[in-house]
Amino acid sequence: MNLSSFHKNPSSFLLVDYVYPPSLDYFNLSKGSEGDYEDTKRKISQRVLNRASLFALSFQKLGYRADSLILSCENLQRKWAKEHGIKLTALPIPHIARKSYFVRFLFSKFPKMYYFLKGLTDKKSLTLQILLSQIQDFKPDVLFIFDFHYFTPEFLKAARKYVGKIVGCINAPIYVPDRFFKSYDMLFSPFPHYVEMFQKMGISSAYFPFAFEPTILKEVGDKERIHDCVFIGGLSKGVDKIPFFEELAKKVNVKFWGHMNPPLSPASPILSTYQGTAWGIDMYKILAQSKIVINRHVIKHESFSSKYADNVRLYESTGMGCLLITDWKKNLGELFEIGKEVETYRTLDELVEKVRYYLTHDKEREKIAQAGQKRTLRDHTYEERSKKLSEIIK
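Residues numbered from 1 in each chain as written. Predicted model: local features only at pLDDT ≥ 70, side-chain atom pairs only at ≥ 80, totals over all residues. Heavy atoms only, no water.

(A) Structural detail: the nonpolar core. Phe151 and Phe181 are the most contacted members of the largest nonpolar core, which has 95 residues in total. Apart from residues no more than four positions distant in its own chain, Phe181 is found in contact with Phe148, Ile170, Ile174, Val176, Leu187, Phe198, Met201 and Ile203. Ile242, Val254, Val355 and Ala369 belong to the second-largest nonpolar core, a separate cluster that totals 26 residues. (Core = buried A, V, L, I, M, F, W, Y, C linked by side-chain atoms within 4.5 Å. Buried < 20%, exposed > 50% of the residue type's maximum accessible area, 1.4 Å probe, protein only. Contact = heavy atoms within 4.5 Å.)

Okay, structure coming up:
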């Protein structure tokens with residue numbers, strides 16, 4: 001199948017994800033395990049709740065043929081290769097760039113070096129050889145890629161003969177050259193400024209926010225809200241969130257969960273209420289037990305914009321019925337009704353004031369939290385996003 005034979009209305013989607021390796025380690029899913037490929041992938045999907053798996057389920061509900069691939073789980077990919085008679089003689093996937101803050105920082109400063117080295121190893125990459133076989137086996141109308149950094153134009157050219165269209169979703173800092181984007185038929189992003197940038201390049205692009213999966217509510221069940229105020233997310237250096245949260249921790253009691261790479265200073269006030277890491281289903285259980293969730297977007301990054309509300313915490317928090325207090329953004333009112341479905345802040349003092357107020361005004365807090373959840377369950381689910389995506393790609 002090639003682009004010229006692409007159906008006007010796609011009937012099949014293959015979604016490729018790169019699950020963050022620490023989340024696999026957290027659930028002890030990176031190593032060998034019992035069970036076949038499908039059983040192992042099901043365990044990962046149920047615990048990690050990665051985007052590709054959730055979208056695949058939504059597309060299936062809508063009547064499409066759909067499946068997901070988890071590129072970063074070498075154990076899982078090896079199972080597929082073994083079951084399909086593929087000899088494992090190539091190189092394994094290099095996790096160090098994902099696990100090491102120093103290496104990620106180095107590659108971000110010298111992306112040409114990274115992609116030069118990557119180009120040398122791609123042909124011998126175990127992961128990409130298996131992936132190409134999986135694409136050839138499934139032959140999707142749409143190959144949907146979530147981690148664009150991992151794929152060179154050369155690999156996408158090899159994959160194109162087995163697919164109809166290649167589309168990508170970009171929700172991370174951009175380090176790749178512009179030529180990488182030319183390999184896609186369409187690019188989606190939750191960042192409006194990325195969409196505008198791609199359109200100026202002459203690439204078909206559309207706004208595509210994050211989402212929430214309602215079935216998680218049933219999986220988690222009803223919980224008592226024992227945590228007054230929480231933050232769950234990245235706690236790494238290199239962005240402005242850490243100084244802000246350190247000042248916040250001095251003024252209100254916030255419990256922090258998050259991945260640190262590298263660790264914070266031993267003197268950081270955050271550590272006094274730091275609870276460890278929480279991924280996937282465990283993160284949602286904590287949200288179900290929380291009254292208020294603090295959100296803060298990445299501000300100081302050369303390829304991110306400080307203007308737009310665009311992270312997944314917006315939907316995770318509201319979907320689980322928490323009161324979300326997030327930093328004000330110009331497009332937030334298009335996603336939620338401010339003051340009725342979510343609350344906002346522009347300064348640290350305003351955030352402190354609102355946290356203290358809503359912890360002593362239960363009815364008002366619960367009213368906004370319930371309205372926010374209702375909005376998310378109506379407009380911001382994976383099924384709604386899948387419907388929109390299929391309409392755009394037609």
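Back to the text.
(B) Geometry of the sheet that holds strand E4 (residues 165-169). Strands sit in the order E2-E1-E3-E4-E5-E6 across an open sheet of six strands; the sheet is parallel. Both outer strands of the open sheet, strand E2 (65-70) and strand E6 (205-207), are each paired with one neighbouring strand and no more. Going from strand to strand, the sheet's axes swing by 20° on average, the running direction of each strand aside. The pairing of strand E5 (residues 186-189) with E6 spans three bridges and is parallel. When the bridges of E6 are listed, Leu187 appears paired with Ser205. Helix-sheet contacts for helix H3 (residues 51-61) involve strand E1 (12-17) and E2, and the interaxial angle to E2 is about 170°. (Pairing = 2+ DSSP bridges. Helix = DSSP H or I, 4+ residues; strand = E, 2+ residues; numbered from the N terminus. Axes fitted to C-alpha atoms, helices over the stretch in contact; angles between N-to-C directions.)

(C) Expanded view of helix H16 (residues 348-359). Helix length check: H16 (twelve residues) gives 17 Å between terminal C-alpha atoms against 16 Å at 1.5 Å per residue, within 8%. Within the span of H16, buried status applies to Leu348, Leu351, Val352, Lys354, Val355 and Tyr358. The buried residues of H16 occupy an angular sector of 165° when projected down its axis, which confines them to one face. Facing away from the buried side of H16, by more than 90 degrees, are the exposed residues Asp349 and Glu353. Looking at the buried side of H16, the elements it contacts are strand E7 (227-232), helix H12 (241-251), strand E9 (290-295), strand E10 (323-327), strand E11 (343-345) and helix H17 (362-379). (Expected span 1.5 Å × (residues − 1). Arc of directions from axis to C-beta.)

(D) Structural detail: the sheet that holds E11. The strand order across the open sheet built from five strands is E8-E7-E9-E10-E11, with neighbouring strands paired in parallel fashion. Of all the strands in the sheet, the pair left with one neighbour each is strand E8 (255-257) and E11. Ignoring which end each strand starts from, the neighbouring axes of this sheet average 25° apart. Here four bridges tie E9 to E10, and the two strands are oriented parallel to one another. Bridge assignment links Asn295 to a residue of E10, and that residue is Thr326. Across the face of the sheet, H17 comes into contact with E9, E10 and E11 while running at roughly 80° to E10.

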